Amino acid sequence: MGSIRSYRDLEAWQAAMAVAEHCYHVTKAFPQSEQYGLTAQMRRAAVSVASNIAEGHQRTRAGYLNYVQVALGSLAEVETQLELALRLKFLNADDAKSTQHAIDRTGQLLHGPLEVVEELA
């Protein structure tokens, strides 16, 4: 594993970017009537995950953990919106499954720093 010089080197950021890419891809097929509704909300939440990881990386350790928690909140939003889109049949099961896999991987990577802090407490 190489040294971390930038937020771009963080696996969590890379995984969060994959979530955002998935969300942009799947929302292209959403109904036009959802352009300012679920489409925009899902995209905004997905971008927020990666953005909070990047911003948090520039902060102190305690600050970073706060941003990780915010990123996890945004990730939960994306997951909820994905579920709603699936229930409304805005996307197919394969797209939902691959997006969910990216969400799960990102969540695993984001929970790591929080578990370390809990162990140290």
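Whatever comes next refers back to the structure up there.
Bear in mind the structure is a predicted one, so any value in this text is a computation, not a measurement.

Draft legend 1. View of the side chain of Thr-39. The topology assignment puts Thr-39 in helix H2 (residues 38-57). Not counting residues within four places of it along the chain, the set of residues in contact with Thr-39 comprises Thr-27, Phe-30 and Glu-34.

Draft legend 2. Broad picture of the packing of H2 against helix H3 (residues 61-87). At their nearest, the axes of H2 and H3 sit 8 Å apart, and the two run at 160° to each other. Between H2 and H3, the angle is such that the two are roughly antiparallel. When the axes of H2 and H3 are compared, the crossing they make is left-handed. In this structure, H2 uses Leu-38, Gln-41, Met-42, Ala-45, Ala-46, Ser-48, Val-49, Asn-52, Ile-53, Glu-55, Gly-56 and His-57 to contact H3, whose residues at the interface are Tyr-64, Tyr-67, Val-70, Ala-71, Ser-74, Leu-75, Glu-77, Val-78, Gln-81, Leu-82, Leu-84 and Ala-85. Of the residues in the contact of H2 with H3, the class split is 15 nonpolar, seven polar and two charged.

Draft legend 3. Geometry of the packing of aromatic side chains. Inspection of the entire model under this criterion finds two aromatic pairs. A centroid spacing of 5.3 Å and a plane angle of 70° characterise the contact between Tyr-7 and Trp-13, whose relative ring orientation is edge-to-face. For Tyr-7, a relative accessible area of 23% corresponds to the partly exposed category. You can call Trp-13 buried: its relative accessible area is 12%. Here Phe-30 and Phe-90 contribute two aromatic rings whose centre-to-centre distance is 5.4 Å and whose plane-to-plane angle is 50°, an arrangement assigned as tilted.

Parameters and conventions
- Residues numbered from 1 in each chain as written.
- Predicted model: local features only at pLDDT ≥ 70, side-chain atom pairs only at ≥ 80, totals over all residues.
- Heavy atoms only, no water.
- Helix = DSSP H or I, 4+ residues; strand = E, 2+ residues; numbered from the N terminus.
- Contact = heavy atoms within 4.5 Å.
- Axes fitted to C-alpha atoms, helices over the stretch in contact; angles between N-to-C directions.
- Parallel < 35°, antiparallel > 145°, perpendicular 65-115°, else oblique.
- Left-handed = near helix turned anticlockwise from the far one by under 90°.
- Nonpolar A, V, L, I, M, F, W, Y, C, P; charged D, E, K, R; others polar.
- Phe/Tyr/Trp six-rings, centres within 6.5 Å; stacked < 30°, edge-to-face > 60°.
- Buried < 20%, exposed > 50% of the residue type's maximum accessible area, 1.4 Å probe, protein only.

In short, shape yes, function no, at least from these values alone.
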